[in-house]
Structures are given as structure tokens and as C-alpha cells.
Amino acid sequence: MNYKLNIILLFILSVVSGGLSAYLFEQDNYIWATILLIITISLIIHTLNSILKIFRDVDDFSEAVRYRDFSKRYPQGKGLKNHFYRNFNTISNIFHDLIREREVQQYYLTRMLELVDTGIFAYDEETKDTLWMNDSMKNMFNIPYLKNVEWLKTRNTKLYDELINIPLGTNRLVTINAGKQNIKTLTNASRFQTEGKTYKLIAFHNISSTLEEVEAGAWKGLLNVMTHEIMNSIAPVSSLADTLKKRIEEIKKERGDRLIPDFEDFEFAMDTIHRRSEGLLRFADTYRNLSKTITPELHPENLFDLLQSIYHLMNPTLEQKGIFLEVETADRSVTASIDRNLIEQVLINFITNATHAVKEVQEPQIMLFSGISGEGNPYITVADNGCGISPDNLDKIFIPFFSTKKTGSGIGLSLSREIIKLHKANLKLQTKEEEGTAFTILFAPSVQ
């Protein structure tokens with residue numbers, strides 16, 4: 001309240017001084033009257049200057065608030081204007097605290113959005129300019145930072161259509177091509193407005209691995225039940241058929257020439273039942289491998305040496321079929337922590353599939369590569385120049401029992417993918433019809 005008292009005192013002093021000056025003029029006391037008049041004028045000028053200065057400072061402060069510039073500090077002291085200066089400083093400190101709090105919140109929000117594995121993208125619906133795009137979005141779809149959504153129109157039509165046409169407030173399961181592989185995403189969109197502009201916010205959650213795990217778990221459960229029931233049902237039949245067959249042989253020895261002719265038919269029937277039962281048991285035991293829990297024994301292995309070993313194992317057979325097999329590496333010293341026997345099984349399966357893929361090609365080739373990726377992952381690639389995989393079959397090739405080969409069992413790729421997952425590795429597939437296919441295993445970086 002000091003500034004109010006200052007104003008009242010200045011007003012009272014000005015009135016008293018002016019009144020005394022007028023009174024002294026009437027008493028012909030011109031000297032003191034003049035002195036008091038000068039004092040009155042000085043008080044009025046001082047008050048006006050202080051008020052005008054405050055108005056100017058208020059204008060400056062308003063301009064600073066408008067442009068969010070709170071770098072200016074006002075002097076502390078006593079008096080009318082200093083009271084306003086203290087208020088200005090208080091307001092500036094409050095704004096400083098709010099801005100700092102907002103910056104901290106924005107920093108944490110930014111860090112959180114960068115750390116999550118959900119792709120997040122926001123853009124201006126009118127201009128299509130990008131407002132926000134996190135690293136997960138770029139890595140998920142193998143795209144650079146987008147300044148404008150229109151960049152995708154000719155480069156990734158499916159992703160562009162999703163960004164533009166996805167309905168608001170609903171979850172959608174969408175398959176989008178990203179870097180020659182299909183990614184299944186759970187997508188959701190919302191809209192918000194700020195500063196007179198309307199933005200669309202879209203989240204892409206990669207659920208490919210989750211779906212694969214659920215799918216693999218379901219197939220394992222089904223296979224476990226099927227093989228268990230088949231083996232439990234067939235085993236007694238096989239045992240009984242074997243017993244009856246032996247009993248028939250005993251009867252034949254006992255009766256000799258007196259053997260009833262129909263016994264030969266019985267013996268043949270029992271032998272057939274026993275043979276087919278054993279075949280069914282072996283069949284069920286083979287498929288039971290998919291439902292078994294495999295525990296890999298990991299050891300550091302040189303990847304180039306591994307490929308050389310596979311080359312010497314597979315090349316004689318491939319040469320007889322006229323298929324050229326070659327091994328290349330960017331670095332012969334690259335190692336990875338693997339179960340060699342299991343990875344060899346995977347590579348043999350990839351090469352066997354490649355052998356079928358190139359059988360109609362005039363100059364069939366299968367290439368084995370090893371090296372280390374730009375992200376530091378040791379890798380092995382099996383590539384061929386065969387028929388490739390059709391888009392209709394891309395989502396099916398890892399499903400148990402599905403095979404594009406007439407005599408295929410449909411468990412090779414499923415089992416291979418499970419083995420790769422057990423190694424905490426990633427399997428990347430690149431394929432194009434009539435040009436070829438490449439399977440790449442990306443292992444975890446070696447710990448030095």
C-alpha cells in the first residue's frame with residue numbers, strides 16, 4: 001500500500017504548497033510565494049514524470065510478455081515506480097518458473113515419445129506439414145524424417161493412405177510394407193487443435209512379433225495335443241498288431257501244412273496295420289519337435305567358418321543339380337554367440353528351400369553371406385535368384401503345415417523361426433517374384 005500513501009502525500013503536499021503560495025501572493029510576500037510555487041510545480045512535474053515513466057514501463061513490460069522476453073530485470077528500491085518494478089519482477093519470475101516447468105515437461109514428454117516403441121506421427125491436416133515424428137516411426141517404416149506427408153504419396157502408398165484416411169478413435173489392424181517386409185500394426189488416430197490449426201495424431205504399434213508369438217504358441221499347443229492323442233491312440237494299435245502277427249507266426253509253426261489259407265491274409269493285414277501304425281508314430285514324433293522347448297547352448301562361433309562348413313556339406317549335392325553355391329563375407333573375423341548345431345539346421349533348411357526356388361532358373365545360384373550390419377549386428381544371409389515368394393504367401397510361409405512344395409512338410413520355416421527367436425536374433429525376409437529371395441539372421445551384437 002506504500003504507493004497509495006505516496007500518491008496521497010504528493011497530492012496533499014502539492015495542494016498545500018499551492019494554497020500557501022497563493023495566500024502569500026495575496027499578502028504580498030512574493031519571495032516565499034515564489035519558492036512555494038516552484039516547489040508545487042516541481043512536485044507536480046515529479047509526479048507526472050513518475051506516472052509517465054510507469055506507463056512507459058508498463059508498455060515495455062506488455063511488449064515483453066507478448067514476445068515472451070523476460071530477460072529484463074527492474075531495479076529494486078522505494079517509491080511509486082519501484083512498487084510497480086517489484087510487481088514486474090514478481091510477474092517475470094512467475095513466467096520464468098512457468099516457462100522452465102513447461103520446458104522440463106516438454107523435455108520429459110519428448111524423451112518418453114522417443115523411448116517408446118510405438119511410432120507416433122502428427123501433421124497439419126490443411127498443409128500436410130509434419131508437427132511431430134519420433135524415431136520409432138522412422139525405424140519402424142524405414143523412412144527419413146518427413147517435412148510433409150505428401151513425400152510418401154509415391155514412395156509408400158499404403159502408409160500414406162493410412163495417414164490421410166484412417167478414421168478417428170478406432171483401433172485398426174493394418175499391414176504396411178516397410179523396406180521389403182510387411183509389418184502388422186495396431187493403428188489409432190485422434191485430432192486436436194492449437195493456435196487455430198487442426199492436427200491429426202496417429203500412433204502405430206508394431207504387433208508383428210506379438211502376433212507371431214501368439215500364433216506360434218497356438219500352433220504349438222495344437223501340435224502338442226494332436227501328437228499326444230495320435231501317439232496314445234496308435235501305440236496300442238501298433239503293439240496289438242505286432243502281438244497278433246507273432247501269434248500267427250506261432251500258429252503257422254504249430255500247424256505247418258494244415259495252416260488255414262485265410263491266415264496268410266490275416267498275417268498280411270496285421271503286417272500292414274503294424275507298418276502303418278509305426279509310420280504314424282514316426283510322423284507324430286516328427287511334428288512333436290515343433291511343440292518341444294529347445295534350449296540352445298550358446299558359444300562364440302566364427303560365422304564365416306560356419307558358412308564354409310555348410311558349403312562343404314551342401315555343395316556336392318547342389319553341383320549334381322547344376323546349382324552354383326558361393327560363400328562371401330565382408331569380414332572373416334565376425335563372431336556371434338550361437339548354438340552351432342541349431343543354426344546349421346536353420347541354414348540347411350534355407351538352402352533346401354532355395355534349391356526348390358531356383359530349379360526353374362537357367363543359371364541357378366545360391367549365395368551365403370556373413371558380416372556385420374551398420375548397427376553392429378553380426379549377420380548371415382542365404383540368398384537365391386529363384387522364383388521369389390508371392391505376396392499372397394508372404395504371411396503364410398511361417399505357418400506350420402503350409403508349404404508351396406507338393407512334398408513339403410511345412411514345418412521347416414516354422415521351426416527355423418523358433419530357433420532364431422531362441423537366439424534373441426531377428427529374421428529379415430526380402431523377396432521379389434521372378435528375382436529371388438534372401439533370408440537374413442541378425443544376431444545380437446557381441447559383448448566385448
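Just so we're clear, the structure is a prediction, and the values are computed from it rather than from any experiment.

## Concerning the overall build of the chain
Helix and strand counts for the chain come out as 10 helices and 12 strands. Residues counted as buried form 36% of the 448 residues belonging to the chain. Counted over contacts in the chain with a minimum sequence separation of 6, partners at least 24 positions apart contribute 58%.

## Regarding the pattern of salt bridges
Inspection of every chain in the model, using the stated rule, returns 5 salt bridges. A salt bridge links K138 to D135, with the shortest nitrogen-to-oxygen separation between them at 3.0 Å. Highlighted residues: K138 and D135, both in helix α4 (residues 135–141), separated by 3 residues, approximately one helical turn. Relative accessible area serves as the criterion here: at 33%, D135 is assigned to the partly exposed category.

## Some thoughts on the environment of S239
Here S239 shows up in helix α6 (residues 208–255). Residue S239 is classed as partly exposed on the basis of its relative accessible area, which comes to 43%. Each C-alpha atom of the pair S239 and S277 lies 8.9 Å from the other, and the pair is 38 residues apart in sequence.

## Looking at the side chain of N134
Position of N134 relative to the elements: it lies in the loop between β2 (130–133) and α4. Judged by its relative accessible area of 0%, N134 is buried. Within polar-contact distance, the side chain of N134 engages the backbone nitrogen of M137 at 3.1 Å.

## Some words on the sheet that holds strand β10 (residues 378–384)
Taken in spatial order, the 5 strands line up as β7-β9-β10-β12-β11 in an open sheet, and their pairing is mixed. Every other strand in the sheet has two partners, leaving β7 (324–329) and β11 (426–432) as the edge strands with one partner each. Adjacent strand axes in the sheet meet at a mean angle of 15 degrees when their direction is disregarded. As paired strands, β7 and strand β9 (residues 365–372) are joined by 6 bridges and run parallel to one another. Pairing of T329 across the sheet is with S370, part of β9.

## Details of the nonpolar core
If you look at the biggest cluster of nonpolar residues, it comprises 37 residues, and the most contacted ones within it are L347, F350, I351, I366, L368, I441 and F443. In this view, I366 contacts L318, I323, F324, L325, E326, I351, A354, T355, V382, A383 and D384; residues no more than four positions away in its chain are not counted.

## Remarks on the confidence of the model for the chain
On average, residues of the chain score 76 in pLDDT, and 67% of them are at 70 or above. Mean pLDDT across the secondary structure elements of the chain bottoms out at helix α7 (residues 262–287), with 64, and peaks at β10, with 95.

## Concerning a nonpolar patch on the surface
A cluster of nonpolar side chains, contributed by I8, F11, I12, V15, V16 and L20, occupies part of the molecular surface with about 550 Å² of accessible area. In this structure, F11 sits in helix α1 (residues 2–26).

## Structural notes on the side chain of S416
Examined against the element boundaries, S416 turns out to sit in helix α10 (residues 412–422). Judged by relative accessible area, which is 3%, S416 ranks as buried. Looking at S416, its side chain comes within polar contact range of the side chain of N349, at 3.2 Å.

## What about the pairing of β10?
Counting buried positions along β10 gives 7 out of 7 residues, so the element sits mostly inside the fold. Here β10 shows a buried face lined by P378, I380, V382 and D384 and a second buried face lined by Y379, T381 and A383. Examined bridge by bridge, β9 and β10 share 7 bridges and lie antiparallel to one another. In the strand pairing of β10, I372 is matched with P378. Between β9 and β10, which pair antiparallel and follow one another directly, the connecting turn spans 5 residues, one of which, G376, has a positive phi of 90 degrees. Summarising the sheet, β10 and strand β12 (residues 436–442) pair through 6 bridges and their orientation is antiparallel. Residue pairing in the sheet places Y379 in a bridge with L442 of β12.

## Structural notes on helix α8 (residues 303–320)
Here α8 contains 18 residues, and its C-alpha end-to-end distance of 26 Å stays within 8% of the 26 Å for a straight helix at 1.5 Å per residue. The axis of α8 is deflected most strongly, by about 45 degrees, at M314, and proline P316 appears within four residues downstream. Those residues of α8 that are buried lie in contact with β6 (299–302), β7, β8 (335–338), α9 (340–357), β9 and β10. The N-capping residue of α8, defined by a side-chain oxygen 3.0 Å from the backbone nitrogen of F304, is N302. Positive phi appears at G322, one or two residues downstream of α8, with a value of about 75 degrees.

Conventions and cut-offs
- Residues numbered from 1 in each chain as written.
- Predicted model: local features only at pLDDT ≥ 70, side-chain atom pairs only at ≥ 80, totals over all residues.
- Heavy atoms only, no water.
- Helix = DSSP H or I, 4+ residues; strand = E, 2+ residues; numbered from the N terminus.
- Buried < 20%, exposed > 50% of the residue type's maximum accessible area, 1.4 Å probe, protein only.
- Contact = heavy atoms within 4.5 Å.
- Salt bridge = Lys/Arg side-chain N within 4 Å of Asp/Glu carboxyl O.
- Polar contact = N/O pair within 3.5 Å; in protein donor to acceptor, adjacent residues only side chain to side chain.
- Pairing = 2+ DSSP bridges.
- Axes fitted to C-alpha atoms, helices over the stretch in contact; angles between N-to-C directions.
- Core = buried A, V, L, I, M, F, W, Y, C linked by side-chain atoms within 4.5 Å.
- pLDDT = per-residue confidence, 0-100.
- Patch = residues over 30% accessible without salt bridge, like charges linked within 9 Å, V, L, I, M, F, W, Y side chains within 5 Å.
- Areas by Shrake-Rupley, 256 points an atom, 1.4 Å probe, with all protein chains shown as cover.
- Expected span 1.5 Å × (residues − 1).
- Bend = angle between axes of the 7 residues up to and from the residue.

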